[in-house]
Amino acid sequence: MNRIDIQDTWITLLGSASLTLLIYSVAKMAGWIEVLNWAEVIGVLFNFACVFLVARQVMSTWIFGIIAVIALGFFFYQLQLWGSFALHVAFFLPIQFYGWWVWSRGGSGEAGRLPVSNINPIWPIALLFPSTAFVFGLNIAFDGVSPIWDTMIFGVSVAAQILLTYKKAEHWYLWIAVNVIAIGVYSTAGAPLLAIQYALFLINAIYGVFMWREAKRVDAFWLQWNYDRDQKKQRGITINID
């Protein structure tokens, strides 16, 4: 990571800790929390850091994602939200490592980053249905809480995470849908911190739409510049950029 990314990481971690303490205090005063669950607290803290950093395309998002996924996987196991449990343990955990690898390879975007791009809209739909069908069966088999909506969180999250891994700008629209569903499910399943967190994630997802739209414009410039440079090199012409 460069100096700016390291600075962003520490500021985000401090801000995430402060925000977690704030929403815990609000939930405690409102009577929504009776017993502190450390798995939920740790998951919420690092989930904040992960999501805020991904909007700015900082590599450390994957490190915090690994910690958040492990903590929340254990928490969802306690709540018997089998769709969310499977999502974190069987999908989110391995894809954190894969996403880290994909982003670290870089590309032709600004400063060698993997560029933001668009995708054919048929792919999110194709990714959605197989995973949704599997987890709905899991929820029914184990008598899960809120099986239909919990399944929807799983299915849409899988599609969104895969698109995020390859920096497809449309993933933010899927996360908006996930956040709306998760607010309702987690608020009724005994996870008030997560419900509040996903309300804030909804705002962050809308922010991410605009951030990545601008990033796509910048990356498109660098892709075109690199292409022109390669073409001119083949013709023996040297070009410079201010």
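Residues numbered from 1 in each chain as written. Predicted model: local features only at pLDDT ≥ 70, side-chain atom pairs only at ≥ 80, totals over all residues. Heavy atoms only, no water.

(A) Region of interest: the overall build of the protein. Looking only at helices and strands, one finds eight helices and zero strands in the protein. A total of 242 residues make up the protein; the buried ones form 46% of that total. Per element, the accessible surface of the protein, about 12500 Å² overall, is 68% carbon and sulfur. (Helix = DSSP H or I, 4+ residues; strand = E, 2+ residues; numbered from the N terminus. Buried < 20%, exposed > 50% of the residue type's maximum accessible area, 1.4 Å probe, protein only. Areas by Shrake-Rupley, 256 points an atom, 1.4 Å probe, with all protein chains shown as cover.)

(B) Focus on empty space enclosed by the protein. Evaluated as defined, the whole model comprises one cavity of 30 Å³ or more. When its volume is computed, the largest cavity comes out at roughly 390 Å³. Of all the elements in the fold, those that place two or more residues in the lining of the largest cavity are helix 2 (38-55), helix 3 (61-79), helix 4 (82-105), helix 6 (147-165), helix 7 (171-188) and helix 8 (192-234). Looking at the lining of the largest cavity, its residues break down into 18 nonpolar, ten polar and no charged. (1 Å grid on protein atoms, 1.4 Å probe; cavity = no way out; pocket = protein on both sides within 12 Å on 5 of 7 lines; lining within 4 Å. Points joined across faces, edges and corners; volume = space filled by probe spheres on them. Nonpolar A, V, L, I, M, F, W, Y, C, P; charged D, E, K, R; others polar.)

(C) Main features of the packing of helix 2 against helix 3. As a packed pair, helix 2 and helix 3 sit with axes 7 Å apart at the nearest point and diverge in direction by 150°. When the axis of helix 2 is compared with that of helix 3, the two are roughly antiparallel. The way helix 2 lies across helix 3 gives a crossing that is left-handed. Where helix 2 abuts helix 3, its residues A39, E40, I42, G43, V44, F46, N47, A49, C50, L53 and V54 lie against T61, F64, G65, I67, A68, A71, L72, F74 and F75. Across the contact of helix 2 with helix 3, the residue classes tally to 15 nonpolar, four polar and one charged. (Axes fitted to C-alpha atoms, helices over the stretch in contact; angles between N-to-C directions. Parallel < 35°, antiparallel > 145°, perpendicular 65-115°, else oblique. Left-handed = near helix turned anticlockwise from the far one by under 90°. Contact = heavy atoms within 4.5 Å.)

(D) Region of interest: the nonpolar core. Grouped together as the largest cluster of nonpolar side chains are 50 residues, with contacts concentrated most on F76, W103, I153, W172, W175, Y186 and L194. Among the secondary structure elements, those contributing two or more residues to this core are helix 1 (3-29), helix 2, helix 3, helix 4, helix 6, helix 7 and helix 8. It is helix 8 that contributes the most residues to this core, nine residues altogether. F46, V58, F64 and A68 belong to the second-largest nonpolar core, a separate cluster that totals eight residues. (Core = buried A, V, L, I, M, F, W, Y, C linked by side-chain atoms within 4.5 Å.)

(E) Seen up close, a nonpolar patch on the surface. On the surface, a cluster of nonpolar side chains totalling about 640 Å² of accessible area is made up of L36, W38, I42, I63, I67, F97 and W100. Those elements that provide at least two residues to the nonpolar patch are helix 2, helix 3 and helix 4. Within the secondary structure, I42 is located in helix 2. (Patch = residues over 30% accessible without salt bridge, like charges linked within 9 Å, V, L, I, M, F, W, Y side chains within 5 Å. Salt bridge = Lys/Arg side-chain N within 4 Å of Asp/Glu carboxyl O.)

(F) Expanded view of helix 3. Here helix 3 contains 19 residues, and its C-alpha end-to-end distance of 26 Å stays within 8% of the 27 Å for a straight helix at 1.5 Å per residue. Phi turns positive, to about 60°, at Q80, one or two residues after helix 3. (Expected span 1.5 Å × (residues − 1).)

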